[in-house]
Amino acid sequence: MDRRPRFSAIVLLAALTFVPATALAQDDVSMSFTAQGVGEQPNSMTVTVSGEMARFDIGEQMSMVWSADWWRMIQHANRMYMEFDKAMMERIRQMTGNMPGAADAQAEIEDFDPANMTFERTGATDTVMEYEVFEVAFSDDEGNGGSMWLSEAAELGMFEIWTKMMTHLESLAGPMMGGGNPAGNLQQYMQYARAQGMPDGKVLRMTTEEGASFEVTGWEWGPFGDDFWNAPDGYEKQTMPAFPR
């Protein structure tokens with residue numbers, strides 16, 4: 001059985017599970033990561049949240065920006081961008097929801113039960129940026145698992161900003177969300193995590209048994225100027241044929 005969808009559900013819900021409700025004392029923050037899939041080269045990404053705005057950058061190739069009412073996709077290589085309003089995003093969500101495998105992926109998320117997860121502090125330590133981190137191994141009842149590396153000194157971790165991003169997207173007909181958002185069950189998941197022995201700390205690195213990894217490389221606090229959310233000057237606006245204005 002392919003365990004990748006199951007692990008994807010674990011990673012998604014982990015970002016919504018193991019983080020205090022008062023995680024971000026300040027709304028304006030941008031965090032950078034290095035992400036590496038199994039057998040792949042590492043890629044950089046950045047997540048930024050600020051009030052009703054959110055932005056996700058994938059290296060220097062693409063940026064996606066969300067407000068309360070629209071989604072903007074910027075392709076830097078082609079110096080172009082597209083914009084989608086709520087009605088258009090809802091149509092995209094419906095289309096992606098009907099794609100092969102979408103229902104199975106959504107079912108993996110909905111069926112995920114954090115009460116079946118276990119956590120164990122291994123005693124291993126390392127350094128991420130300037131922070132000392134300790135390893136917590138986690139697994140579920142089907143043998144899927146990995147490691148989280150936590151810092152007791154860092155003021156921010158990856159789950160705080162991912163939770164902020166997911167909560168923001170919940171207000172949209174988010175094409176990335178494929179329908180429901182598990183953020184609504186955050187309090188229940190937090191209770192499970194604490195009961196199962198999840199230690200306190202900010203997660204700065206997460207690895208899978210197969211060798212994939214996410215690692216925080218830095219963050220900066222806002223505010224961010226208006227130009228940060230717009231396509232750069234000289235980029236051409238495109239319209240998708242399926243979504244005429």
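The structure we're discussing is the one just above.
Residues numbered from 1 in each chain as written. Predicted model: local features only at pLDDT ≥ 70, side-chain atom pairs only at ≥ 80, totals over all residues. Heavy atoms only, no water.

**Looking at the pattern of salt bridges**
A side chain with one charge may pair with a side chain of the opposite charge, provided their charged atoms come close. Applicable threshold: By definition here, a salt bridge exists when the distance from a side-chain nitrogen of Lys or Arg to a carboxyl oxygen of Asp or Glu is within 4 Å. Strands are runs of DSSP state E lasting at least two residues, helices are runs of H or I lasting at least four, and both sets are numbered from the N terminus onward. Buried means the residue's accessible area, taken with a 1.4 Å probe over protein chains only, is under 20% of the maximum for its type, while exposed means over 50%, and partly exposed covers the values in between.
A full pass over the atoms with the stated rule returns 5 salt bridges. Taking the shortest distance from any N to any O, the salt bridge between Arg-72 and Glu-83 comes out at 2.8 Å. With Arg-72 in strand 5 (residues 70-75) and Glu-83 in strand 6 (residues 80-85), this residue pair connects regions lying 11 residues apart in the sequence. Note on Arg-72: relative accessible area 9%, which makes it buried. Looking at Glu-83, the relative accessible area reads 24%, which means it is partly exposed. When salt bridges that share partners are traced, they join Arg-72, Glu-83 and Lys-237 into one network.

**Some thoughts on the environment of Ala-231**
Here is the rule: Two residues form a contact once any of their heavy atoms are found within 4.5 Å.
Tracing the backbone shows Ala-231 in the loop between strand 11 (213-221) and strand 12 (236-237). Classification of Ala-231 as buried rests on a relative accessible area of 17%. A sequence separation of 158 residues divides Ala-231 from Met-73, and the C-alpha atoms of the two residues are 8.7 Å apart. The residues touching Ala-231, leaving out its near neighbours within four places in the chain, are Arg-72, Ile-74 and Tyr-81.

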